Amino acid sequence: MSQALQDLLDLLDLEQIEENIFRGRSRAAVVPRVFGGQVAAQAMVAAGRTVPADRPAHSLHAYFLRPGDPGAPIVYTVDRIRDGRSFTTRRVVAVQHGKPIFHLSASFQVHEEGLDHQAPMPPAPDPATLPTSQERLRGYDHLAPDVVERFLEAREAIDLRYVDEPPYGRFGEPREPHSQVWFRTNGKLDDDPLLHVVLATYVSDMTLLDSVLLAHGRGGWAVGDVVGASLDHAMWFHRPFRADEWLLYDQESTTAHGGRGLGQARIHTQDGRLAITVIQEGVVRVPR
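Treat the numbers as computed from the prediction; the structure is a model and nothing was measured.

## Examining the environment of Arg23
Move 1: Tracing the chain through its elements places Arg23 in strand β2 (residues 21-24).
Move 2: Among the residues examined, Arg23 registers a relative accessible area of 33% and is labelled partly exposed.
Move 3: A C-alpha to C-alpha distance of 6.0 Å links Arg23 and Tyr76, two positions 53 residues apart in sequence.

## Re the sheet that holds strand β8 (residues 178-185)
Move 1: The strand order across the open sheet formed by 12 strands is β1-β2-β4-β5-β6-β3-β9-β12-β11-β10-β8-β7, and the pairing between neighbours is antiparallel. A single partner strand is all that each edge strand has here, and the edge strands are β1 (15-18) and β7 (158-162). Averaged over all neighbouring strand pairs, the angle between strand axes comes to 25°, with direction disregarded.
Move 2: As defined by bridge partners, strand β11 (residues 260-269) adjoins strand β12 (residues 274-285) across nine bridges and the pair is classed as antiparallel. Looking at the pairing, Ala265 lines up with Val278 of β12.
Move 3: Along the sheet face, helix α2 (residues 36-48) touches β2, β3 (57-64), β4 (74-83), β5 (87-96) and β6 (99-109) and points at about 50° away from the line of β6.

## Examining empty space enclosed by the protein
Move 1: Applying the stated criterion across every chain yields a total of one cavity of 30 Å³ or more.
Move 2: A volume near 50 Å³ is recorded for the largest cavity.
Move 3: Taken together, Pro131, Thr132, Ser133, Arg136, Leu137, Arg155, Leu160, Arg161, Tyr162 and Tyr168 form the lining of the largest cavity.
Move 4: Counting only elements with at least two residues in the lining of the largest cavity, the list comes to α3 (133-137) and β7.

## Focus on the UniProt feature "domain: Acyl-CoA thioesterase 2 C-terminal" (unreviewed entry) in the chain
Move 1: Annotation from UniProt places "domain: Acyl-CoA thioesterase 2 C-terminal" (unreviewed entry) at residues 173-283.
Move 2: For residues 173-283, the helix share is 19%, the strand share is 45%, and the end-to-end C-alpha distance is 21 Å.

Procedures and definitions
Here the residue index of a chain counts from 1 through its sequence in written order. Restriction of local features to residues with pLDDT of at least 70 applies here, the model being predicted, together with a cutoff of 80 or more for giving and counting side-chain atom pairs; totals for whole chains, interfaces and linings are based on all residues. The basis for the side-chain values is all heavy atoms of the structure; hydrogens and waters are excluded. Numbering of helices and strands runs from the N terminus; a helix is a DSSP stretch of H or I covering at least four residues, while a strand is a stretch of E covering at least two. Three exposure classes are used, based on accessible area relative to the maximum for each residue type with a 1.4 Å probe and protein chains only: buried under 20%, partly exposed in between, and exposed over 50%. Pairs of strands are assigned from DSSP output, requiring at least two bridges between the strands. Axes here refer to lines fitted to C-alpha atoms; in helices the fit is confined to the stretch in contact. Angles between the N-to-C directions go from 0 to 180 degrees. We call two residues in contact whenever any of their non-hydrogen atoms come within 4.5 Å of each other. Here a cavity denotes grid points, spaced 1 Å and computed from the protein atoms alone, that fit a 1.4 Å probe unable to get out, and a pocket denotes an open set having protein on both sides within 12 Å along at least 5 of 7 lines; residues with an atom within 4 Å of a point are the lining. Grid points are joined across faces, edges and corners, and a volume is the space filled by probe spheres set on the points. UniProt positions are given in the numbering used here, feature names are shortened, and annotations may be inferred rather than shown by experiment.

So, in structure tokens, the structure goes:
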């Protein structure tokens, strides 16, 4: 396991300070606030630690309320909404400086047999044939060195490989609002299903709004032609998967309007199983 991945796992390993109350550390992201994927992942850790191990997560729905302060701890309070025969529901509120910054509802379910079908996996090149983040980012002379370093530091724990040029790699001309990345952790994880859900949640907030930017030929915060932030985020976990094995994140944007853009995605395992569906809306504004 890489040291960066161990550091990320340590970051997501919350301290329990009271029944149903947990505390997490923060760290700076590529923008001067707490990375939304970190808050969502920590909230799922808090929720999952109050649920029996035989009930894996099947969905989450979350709202980003305020920017997080990377210099302060985050307190997560879990509300045990329901413990049914098949489903368990938890609500988590993340608080900093006495104010809520994030709200999450998560649902867990005992394993059941039932109807089974899925959308086919879209075509994509083998991840081994694609450049790593370091190889790709080092080739972008138009990005400031500190921007490149912040990107690379944020992704040390995750091997994330774009199929095509990311928005900040080629911008100025609208492209199809569709983006694909392969990702996996930079090291093996243990077999706890919640851990794999948490890591996928963390990564899911990294690139989902890329397709919004592509539709308008924008490069994003890295080149300063838009400002934005995540507003809400939803995930459905359909089938078992491992975050330390290659996952294809197939993302598209169906609309942008009113200073907001919508991204939706499917995450498939390398052998073609549909593992996760993700939808996110974010603020996407052109600076005046």
